[in-house]
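# Analysis of the macromolecular model
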Amino acid sequence: MSTLDKHFDPAACEGRIYRLWEESGVFAAHPSRAAAPYTIMMPPPNVTGTLHVGHALTNVLQDIFIRYRRMQGRDVLWQPGTDHAGIATQMVVERLLDQEQTSRKALGRETFLARVWQWKEESGGAITQQLRRLGASPDWARERFTMDDGLSAAVREVFCTLHEQGLIYQDKRLVNWDPALQTAISDLEVESRDMKGHIWHIRYPVEGGGEIVVATTRPETMLGDTAVAVNPVDERYKDMVGRQVILPLTGRRIPIIADEYSDPEKGTGAVKITPAHDFNDFEVGKRHGLAMPSILDRAGRITLAELGEMPEFVRSLEGEERFAARKKIVAELERLELLDKIEPHANAVPYGDRSGVPIEPLLTTQWYCNAGVLAQPAIAAVESGKVKFVPQQWENTFFAWMRDIQPWCISRQLWWGHRIPAWYGPDNAVFVARDAQAAQAQADAHYGRHEALTQDDDVLDTWFSSALWPFSTLGWPEQTPELAKYYPTDMLVTGFDIIFFWVARMMMMGLHFMGDAPFRTVYIHGLVRDERGQKMSKSKGNVIDPLSLIDAYGTDALRYSVAAAAGQGRDVKLGAKIVETNRSFITKIWNAARFLEMNGCKPNPAFDPAGAKLPLSRWILDAANGAVAEASASLEAFRPNDYANACYRFAWGDFCDWFVEFAKPGFATADAAEIRDVAAYVLGVLLRLMHPLLPFVTEELWDHFGYGPQGSLIRAAWPDAIPVFEAGAARNEVAWVVNLISEVRTVRSEMNVPPSIKSPVLLKDAASQSLAWADAWGEPIARMARASEIGPVLGDVPKGSAQAVLGEATIVLPLAEIIDLEAERVRLKAARGKAEAELAKVVQKLANEDFVKRAPEAIIEENEERRRSFSAEITRLDAALLRIA
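Okay, the pattern of salt bridges next. Under the definition given, this model contains 58 salt bridges. In this structure, R133 engages D551 in a salt bridge whose closest nitrogen and oxygen atoms are separated by 2.8 Å. One end of the pair, R133, is in helix 6 (residues 126-133); the other, D551, is in helix 18 (residues 546-553), and 418 residues separate them in sequence. By relative accessible area, which is 34% here, R133 ends up partly exposed. Judged by its relative accessible area of 55%, D551 falls in the exposed class. Between K588 and D657 there is a salt bridge; the shortest N-O distance is 3.0 Å. Taken as a pair, K588 in helix 20 (residues 576-598) and D657 in helix 22 (residues 640-663) lie far apart in primary sequence, 69 residues in all. Judged by relative accessible area, which is 25%, K588 ranks as partly exposed. Counted as one network, the salt bridges with shared partners bring together R218, E220, R322, R326 and E360.

See below:
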């Protein structure tokens, strides 16, 4: 057998190992197996997508839990798939058509959809290959697409059932309208941009004399005003309520109404009400029964179709683009001396995240789902604890959204997506059915004759099909073995931004159609930020490509970096430097494995760890038990960072830094056989323990050492605790030696003792047991603590000694002949003064309310970290000064 290479080469082994896993079928779920199921539904990435850091975080965390449960013997299903991503995919293909100098409309619907499917087959789904590079281990054979035949059948079944139950209906309401894409879009597809604009104060003449001044950021919508609202307790306007104003430019009479929506403290206290173009105004309009004329068409141009006869100036605006119309309206108001004043104003303007144009609230007829009814069982499931959020505080976000839920607009004016299964007769009668034949049969019965039907042009919101993901992917509406075994699922891992859009809707649909919530635990992770804690954005130039990090440092280094930072309720800091630093952990493990290999360590099937006799052997076996317990508890509690840290402390600390170092001379003694067997046994435990976190390096070492065939670690059993002979005694003994060496190293470092110079290590007031341990462990203490001798203090403590406490004893290091203690005292005091001055600056900065209010969150955190660092440094320097007092 060849020996391990000097360096671990991720690029050389990751692809090979992943192919071994995938081709062996180890990712597959087995519904017929008696083993208890464990199921996670992968949030389906967009078919247009490429791997970003958010995908890296959520999929690494899922894969850790999946691999852990697989090693526990559970029948694991990690269900993969991709989302058809209506708008995103349609835009990708439309851009391709632009390059061919044609368009969607020129091709026609059927030809265009054929082109989208062609693009999907040729170019879509690249992200699933990229997920493989992360080491993700879902059941790829079961991969689904939200528009495949089975899922499409589920979508039609749900739509028709909810329509039959009166929970899906058509209504005319305000929606977020994208004038460029000419479709309704969800709130998640709207991004708020801080813009510098103006606020215009306009004089509205009151019928019978006087005027009322209203302030608006959108003067172009005044053409659609149907009221002016004032607060009912506002004394300034009490006598005006019920009177009429003459709407400038149009001459139309509109009422002054009293409504609490108007804030007396804001602006003039009087607001124009345009129900067809503002969400708040729409609610006011409904409360007061106001007319709701639209003055913008679907392209964002002025339309007068619903205004009736208008003066010449208003007629001249017909077809004008909304912002061009704004300029003309403002100019006309100035000419008529109806403009009271213009003030600079910063406000948040909603933009379409894909089109990049300002969104319009638009009054249109759309299909809606009665989310208010569907939300109640979902709320109850969380209230009762049947569904738990981790961290728990996200329940509050869930409740806030769900208890104030609005009707869900489920229709989109696109071609790519699940076409709404509704057909229209010649008189616009609607027939909802699971297919065209059933709709025709309804129509024939309705009309008493055959009438040609036209299917609704709209498609369903992408989130509608995504809401069915936990059961549609398992074969529903058919009652499949998969549905019986894997629903409800165990856990969902996702970001907080889609708690409402996806998590809540899956709960609503799952409870309604399956009678049970789709998951038991919702694990909400934070955002991935850059190394300074700043949110990533293209404009800042700090977006990180996870694939480039994998290319540079290997998948395991990225996975460790992500998991170690993923504390509950915390955002994850990630960057090249972090991943590069963490690569050293993989290197450490590899180097330790090479050292053991060079010293003849390999698994011994006959070895019984319960028979280990050496204190060192018993200590490391006991430490392995502790690491397994800590790692298991962390994963059970959904704390991947604690799991990663448990692996790190045991692998780097206990195993590499202490066990391997202590064991080195033992390989040449009579104890060598036991040391080799223990080393190989514990390495096997370590590889199994770390496999969910670092799958590639552990799998590579597993078969190389002969623990099992190639690619078999993924199937190996999760380690269990084993009996260790007199574990407590071994723990106390080795812990004493470790603490002694650590204290000596700390003192030497603080005193600037050169590593090349050895010094005596003396023990004052040490118990006989401590002295016996010092004698028994003399060789490693001398080697690792750079001790020229070790023993008790005989007589007085030598002058010029540094001291440290260890249990009942005091460690004494005579340094008078080795370093200049007075110079060292001066250096330490100077360093302390410098740290104190820096701490004072940071404290002063953080005490400045203006700074704290204005500084970005990342800068505040950076300064908090500096405060902690300088405080710790002062504490360390104080301790060092005390040692040589």
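Now that the structure has been shown, we can carry on.
Attention now moves to the packing of aromatic side chains. Under the criterion given, the structure shown has 37 aromatic pairs. Their ring planes at 25° and their centres at 6.1 Å tell us that Y560 and Y648 sit as a pair that is stacked. One end of the pair, Y560, is in helix 19 (residues 555-565); the other, Y648, is in helix 22, with 88 residues separating them in the sequence. Ring centres 5.9 Å apart and planes at 65° place the aromatic pair F595 and F667 in the edge-to-face group. Separated by 72 residues along the polypeptide, F595 in helix 20 and F667 in the loop between helix 22 and helix 23 (672-690) bring together distant segments of the chain. With a relative accessible area of 9%, F667 lands in the buried category. The rings of Y18, W21, F27 and F696 are connected pair by pair, giving a single aromatic cluster.

Attention shifts here to helix 20. With 23 residues, helix 20 should reach 33 Å at 1.5 Å per residue; the first-to-last C-alpha distance of 33 Å fits that figure. Among all positions of helix 20, only V579, N582, F585, I586, I589, W590, A592, A593, F595, L596 and E597 are buried. In this fold, the buried residues of helix 20 make contact with helix 18, helix 19, helix 22, helix 23 and helix 24 (695-704). G600, located one to two residues past helix 20, shows a positive phi value of around 75°.

Another aspect to go through is unusual backbone geometry. For residues that are not glycine, phi is negative in most cases, and the peptide bond is trans in most cases. The omega torsion across V390 and P391 is -5°, close enough to zero to call that bond cis. The residue P391 is located in the loop between strand 15 (388-390) and helix 12 (394-402) in this model. A positive phi angle is found at E726, which is not glycine, with a value near 45°. In this fold, E726 is placed in the loop between helix 24 and helix 25 (727-750).

The next thing to look at is the pairing of strand 28 (residues 801-806). A regular strand places its side chains on the two faces of the sheet in alternate fashion. Examined bridge by bridge, strand 28 and strand 29 (residues 809-814) share 6 bridges and lie antiparallel to one another. Looking at strand 29, one finds that L806 is bridged to A809. The loop that links strand 28 with its antiparallel partner strand 29 comprises 2 residues; one of these, G807, has a positive phi angle of about 60°.

In this section: the packing of helix 7 (residues 149-164) against helix 17 (residues 499-514). Here helix 7 crosses helix 17 at 75°, and the two axes come no closer than 12 Å. Regarding the angle of helix 7 to helix 17, the classification is roughly perpendicular. Within the contact between the two elements, helix 7 uses V158, T161 and L162 and helix 17 uses M509, H512 and F513.

Turning to the sheet that holds strand 6 (residues 183-185), a few remarks are in order. Strand order in the open sheet made by the 4 strands is 6-5-14-16, with antiparallel pairing throughout. The open sheet is flanked by strand 6 and strand 16 (408-409), the only strands paired with a single partner. Relative to strand 14 (residues 360-369), strand 5 (residues 168-178) is paired through 10 bridges, and the arrangement is antiparallel. What sits directly across from R173, in strand 14, is T364.

In this section: the pairing of strand 9 (residues 227-230). Here strand 9 shows no split at all, with A227 and A229 on one side and V228 and V230 on the other all buried. Sheet topology places strand 9 next to strand 12 (residues 270-273); 4 bridges connect them, and they run antiparallel. When the sheet's bridge partners are listed, V228 is paired in strand 12 with K272. Pairing between strand 9 and strand 11 (residues 253-258): 3 bridges, direction parallel. Among the inter-strand pairings, V228 is bridged to a residue of strand 11, identified as I256.

Here we take up the layout of surface pockets. By volume, the largest pocket amounts to about 2400 Å³. Around the largest pocket, the lining is made up of 50 residues, and of these H52, L188, D353, R354 and D497 lie nearest the centre. Listing elements by their share of the lining of the largest pocket, those giving two or more residues are helix 2 (53-71), helix 3 (86-99), strand 7 (190-205), helix 14 (462-466), strand 22 (489-495) and helix 17. The element contributing the most residues to the lining of the largest pocket is helix 2, with 6 residues. Its residues assigned to classes, the lining of the largest pocket shows 22 nonpolar, 18 polar and 10 charged. If you add up the space inside the second largest pocket, you get close to 1300 Å³. Looking at the lining of the second largest pocket, the elements that each hand over two or more residues are strand 7, strand 8 (211-216), strand 12, helix 8 (279-288), helix 10 (322-335), strand 13 (339-352) and strand 14. Among the elements that line the lining of the second largest pocket, the one with the most residues is strand 7, at 7 residues.

All right, on to empty space enclosed by the protein then. All chains considered together, the criterion is met by 3 cavities of 30 Å³ or more. There is about 70 Å³ of room inside the largest cavity. Together, 13 residues line the largest cavity, and G86, R412, L414, D461 and T462 are the ones closest to its centre. The set of elements that each furnish at least two residues to the lining of the largest cavity consists of helix 3, strand 21 (459-460) and helix 14. Split by residue class, the lining of the largest cavity holds 6 nonpolar, 4 polar and 3 charged. A volume near 60 Å³ is recorded for the second largest cavity.

With 27 residues, helix 30 (residues 857-883) ought to run about 39 Å at 1.5 Å a step, and its terminal C-alpha atoms sit 39 Å apart, in line with that. Of all the residues in helix 30, the buried ones are A858, I860, N863, F870, I874, L877, A880, L881 and R883. Where helix 30 is buried, its residues contact helix 25, strand 28, helix 28 (821-847) and helix 29 (849-854).

Criteria and thresholds
Residues numbered from 1 in each chain as written. Predicted model: local features only at pLDDT ≥ 70, side-chain atom pairs only at ≥ 80, totals over all residues. Heavy atoms only, no water. Salt bridge = Lys/Arg side-chain N within 4 Å of Asp/Glu carboxyl O. Helix = DSSP H or I, 4+ residues; strand = E, 2+ residues; numbered from the N terminus. Buried < 20%, exposed > 50% of the residue type's maximum accessible area, 1.4 Å probe, protein only. Phe/Tyr/Trp six-rings, centres within 6.5 Å; stacked < 30°, edge-to-face > 60°. Expected span 1.5 Å × (residues − 1). Contact = heavy atoms within 4.5 Å. Pairing = 2+ DSSP bridges. Axes fitted to C-alpha atoms, helices over the stretch in contact; angles between N-to-C directions. Parallel < 35°, antiparallel > 145°, perpendicular 65-115°, else oblique. 1 Å grid on protein atoms, 1.4 Å probe; cavity = no way out; pocket = protein on both sides within 12 Å on 5 of 7 lines; lining within 4 Å. Points joined across faces, edges and corners; volume = space filled by probe spheres on them. Nonpolar A, V, L, I, M, F, W, Y, C, P; charged D, E, K, R; others polar.

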